[in-house]
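One-letter residues, chain by chain:
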Amino acid sequence: MKILITGGFGFVGGALGKYLYSKGHEILLGSRSVRQAPDWCPEAIPVITSWTDMKSLVKVCQGVNCIIHAAGMNARDCSNDSVEAIVANGLNTARLLQAAKSAGVQKLIYI
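Heads up: these notes are all about the structure in this document. (Residues numbered from 1 in each chain as written. Predicted model: local features only at pLDDT ≥ 70, side-chain atom pairs only at ≥ 80, totals over all residues. Heavy atoms only, no water.)

With that settled, consider the overall build of the protein. Looking only at helices and strands, the protein features 4 helices and 5 strands. Helices and strands in the protein line up, N terminus first, as β-α-β-β-α-β-α-α-β. Expected size for 111 residues packed as a compact globule is a radius of gyration near 13 Å; at 13 Å, the protein falls within 12% of this value. Taking the principal axes of the C-alpha coordinates as reference, the protein spans close to 40 × 30 × 25 Å. When burial is assessed residue by residue, the protein has 36% of its 111 residues classed as buried. Within the protein, contacts between residues separated by at least 24 positions form 55% of all contacts whose residues are at least 6 apart in sequence. Entry remark: accessible area of the protein is about 6600 Å², with carbon and sulfur atoms responsible for 55%. (Helix = DSSP H or I, 4+ residues; strand = E, 2+ residues; numbered from the N terminus. Rg over C-alpha atoms; globule rule 2.2 N^0.38 Å. Buried < 20%, exposed > 50% of the residue type's maximum accessible area, 1.4 Å probe, protein only. Contact = heavy atoms within 4.5 Å. Areas by Shrake-Rupley, 256 points an atom, 1.4 Å probe, with all protein chains shown as cover.)

So this is what it looks like as structure tokens:
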């Protein structure tokens with residue numbers, strides 16, 4: 001199964017990526033910046049998740065069977081900037097859902 005993990009270099013996303021890779025899945029690790037495949041998952045494909053570029057988000061979702069959405073702001077940062085929290089955790093999630101639907105992704109898990 002081809003799985004996109006947004007926030008794939010974070011604590012939760014990274015742990016899921018490592019586990020799912022060990023089970024034989026093809027893993028795409030989403031990040032807002034250019035990254036190299038990590039040592040724990042050298043076959044992973046790092047992809048840029050540009051939250052404001054719908055065309056790019058749809059392209060990242062193409063051919064993906066499942067998305068695990070683990071990107072977002074933590075509780076402390078949310079309390080410090082509630083407006084950015086709504087954008088990061090609300091609007092960006094809505095954008096991802098729209099892109100996934102456009103690309104024909106069948107499953108999305110939101111963490």
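The final tally for this structure, using the stated rule, is 1 salt bridge. Measuring nitrogen to oxygen at the nearest pair gives 4.0 Å for the salt bridge that ties Asp-77 to Arg-76. Classification of Asp-77 as partly exposed rests on a relative accessible area of 32%. Taking the relative accessible area as the measure of exposure, Arg-76 reaches 56% and is therefore exposed. (Salt bridge = Lys/Arg side-chain N within 4 Å of Asp/Glu carboxyl O.)

Considering soluble globular proteins, one finds that nonpolar side chains tend to be buried as a cluster. Of all hydrophobic cores here, the largest spans 16 residues; its most connected members are Leu-4, Cys-61, Ile-67 and Val-105. Mapped onto this core, the elements with two or more residues apiece are helix H2 (54-61) and helix H4 (82-103). With residues near it in sequence (within four places) discarded, Val-105 still touches Cys-61, Val-64, Asn-65, Cys-66, Ile-67 and Ala-100. Listed in part, the 9 residues of the second largest apolar core include Ile-3, Ile-5, Leu-29 and Ile-68. (Core = buried A, V, L, I, M, F, W, Y, C linked by side-chain atoms within 4.5 Å.)

Take H4 next. Taking 1.5 Å of rise per residue, 22 residues should cover 32 Å, and H4 covers 30 Å from first to last C-alpha, within 8% of that figure. Restricting attention to buried positions, one finds in H4 the residues Ala-85, Ala-88, Asn-92, Thr-93, Leu-96, Ala-99, Ala-100 and Ala-103. One or two residues past the end of H4 sits Gly-104, with phi positive at roughly 80°. (Expected span 1.5 Å × (residues − 1).)

Without other data, these values stay purely geometric and don't point to any function.
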